Amino acid sequence: MRIVLHIGLEKTGTTAAQAYWSQNFDRNQERGVWYSKSLGRPLHTRLVVYASRDFLGPVLETQYGISDETTYQEFRTKTEADLENELRLARESGCSHFLISHEFFHSKIRKTEDIERVADLLKRLGESVEVLCVLRRPADLFASTMNEFVRAKYPLEPDIINTVDPKNNYYDFADLLGNWCEQLGADNVHIISFHRAPGQNVLNALNEYLGLDTDIPRDAGVRNESVDIRTLAIGNAVRSPRIVDNLLNPNLEFFMDELPFESKLCLGSELTEELNRRFEESNQKLLSLFPECLVETDLLAEVPDKDGNFEKLFELKSYSPWLTYMVERFNRQIWYERARHALLEVQFANAQGRPEDAAEAANRTHEFISNAQGIGLEKVLMDLSRKLEYELLP
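By convention here, each chain's residues receive numbers from 1 onward along its written sequence. Reporting in this predicted model follows two pLDDT cut-offs: at least 70 for local features of residues, and 80 or more for side-chain atom pairs to be given and counted; totals over whole chains, interfaces and linings ignore these cut-offs and use all residues. Side-chain metrics in this entry use all non-hydrogen atoms of the structure; hydrogen atoms and water are not considered.

## Description of the packing of aromatic side chains
Two measures describe an aromatic ring pair: the distance that separates the ring centres and the angle between the ring planes. Note on aromatic contacts: the rings of Phe and Tyr and the six-membered ring of Trp form a pair at centre separations within 6.5 Å, being stacked when their planes are under 30 degrees apart, edge-to-face when over 60 apart, and tilted otherwise. Following the criterion strictly, the structure yields 12 aromatic pairs and no others. Judged by centre distance (6.3 Å) and plane angle (10°), the ring pair of Tyr 72 and Phe 75 falls under stacked. Here Phe 75 and Tyr 72 lie together in helix α5 (residues 69-92), a separation of three residues that amounts to about one turn. The two residues Tyr 72 and Phe 75 agree in class, both being buried. Counting every residue linked through ring pairs, the aromatic cluster contains Tyr 64, Tyr 72 and Phe 75. Helix and strand assignments come from DSSP, with helices taken as H or I runs of at least 4 residues and strands as E runs of at least 2, each series counted from the N terminus. Classification of residues uses two cut-offs on accessible area relative to the type maximum, computed with a 1.4 Å probe and protein chains only: under 20% is buried, over 50% is exposed, and between them is partly exposed.

In C-alpha cells, the structure reads:
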C-alpha cells in the first residue's frame, strides 16, 4: 500500500481537492485510491493532532477528548489502531493508494520531531510513503492570504509585508520540504507547480498524479478568493473580534463576495521585485532539492508593469469604529428579526398543541436573542424575552 500525504500548501486549492476526494470516495476507490475516513472528513485533522497538540484550542480538545497528557497519549494510541485497521480495509478492497490530506502539515506541523513522528507512523503502516505538495510563489501566496486574513477578521497593518520572508516558517518551503526529504528521501517528495496547473485547476493536476479523473471543472460554487481591493479595505477596517467567549462572533457578516468587483489586490512592480529578491537563496535550495520538478519561474512571481494598491488596504482605518459598529448593528438587527420569527413559531406550535415543536423553536429564539445582544436593541430584546417566557409557562 502506497501512502500519499498531501500537505497543501495553504491557498493552493486544497479545500476543493479535499471536498472532491471525500464526496467521490466510491468512484476513486474503484480507481485504486482510498481517501482516509478514520482520520476525519473531508480533511484529516486527526493526524495533525496526532503530530502535535501545540496548536489545540478548546474546540479541538473537546472534540477529541483531550484534557491532559494521559488522554492525549490515549488519543494517539487509538489513532494508530484505527489507521492500521483502515489500511487493512483499503488493501482488502484492492486499492493501491491510501490518500491523506491536510494543509496544516504546511502551516502548523513544522518541528522536526513532529514530522518524524508522523513519518515513522506512516512508514510502519505502509509499504511506501510519499509527500505530495503544491508549491506556490511566495509573493502570490501572500496576496492570496490577505484575502483570507480579512475574512477571518485578522487585523492587518502595513508591516505585515515584513512577514513575507523565508525566515518565517509559513514561507520557508525549503525547510519544510527538506525535513520531509530527510524522513522519506527526496524521491518520495513530489512537487506540483501551482502556476503551471492548467487554468489553475490544481485538482486535475493532483488527480493526474494519483491516476484519477482529470476533467473536473473548477467548482463554480467555490468561494472566489479575490474580492475588490476596496472590499478588503472595508473588511480590514471592521475590527470586530472573531471569537467572543470562546465562540465564533455571529455579527461579522457584510457580504464581501456580493460587493462589486473591479480591481483585486495588486502588489505592484516594486513590491513584487522586493519579495522575489528576499527568496533568492531559499529558491536556489528548492531548485537543488527538486531539479526535475521545479524551474525558477515556478518560484518567482511575475512582476506587473503597473503600480500596486497594497496601501489601499489601510486607507479606511480611521473609520474603523464607525464601520465596525454599523456592521455589528446590522447583524444584530437581523438576529432580532430571526428571533421574532422564531417566537411566532413557538406561539403557533403551542396553539396547535405541539409542545416538542414549540420547545425546538424556543431554543432557536433563545439563540437568536443571545446573538442580537448589544447597544441599540436592549428594550426590544427584553420585551421579546418576556414574551418567550410567557409562552413557556406550564
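## Considerations on the side chain of Asn 179
Relative to the helices and strands, Asn 179 is located in helix α9 (residues 173-184). We call two residues contacting when some pair of their heavy atoms lies within 4.5 Å. Residue contacts for Asn 179: discarding those within four places in its chain leaves Arg 110, Thr 112 and Ile 115.

## Details of the side chain of Arg 137
Inspection of the secondary structure puts Arg 137 in the loop between β4 (128-135) and α8 (138-151). Judged by relative accessible area, Arg 137 falls into the buried class, the value being 7%. In terms of polar contacts, Arg 137 uses its side chain to reach the side chain of His 195, at 3.0 Å. At a separation of 3.0 Å, a polar atom in the side chain of Arg 137 contacts the main-chain carbonyl oxygen of Leu 300. When near neighbours in sequence (up to four residues on either side) are disregarded, Arg 137 contacts His 195, Thr 297, Asp 298, Leu 299, Leu 300, Ala 301 and Glu 302. The term polar contact refers here to a pair of N or O atoms within 3.5 Å; inside protein, the definition further demands a hydrogen-donor-capable atom paired with an acceptor-capable atom, and it admits residues adjacent in sequence only when both atoms are side-chain atoms.

## Description of helix α11 (residues 229-237)
Here α11 lies mainly inside the structure; seven of its nine residues are buried. Taken residue by residue, α11 has Ile 229, Thr 231, Leu 232, Ala 233, Gly 235, Asn 236 and Ala 237 as its buried positions. Of the surrounding elements, those touching the buried residues of α11 are α8 and α14 (320-351).

Don't take any of this as a statement about function, it's just geometry.
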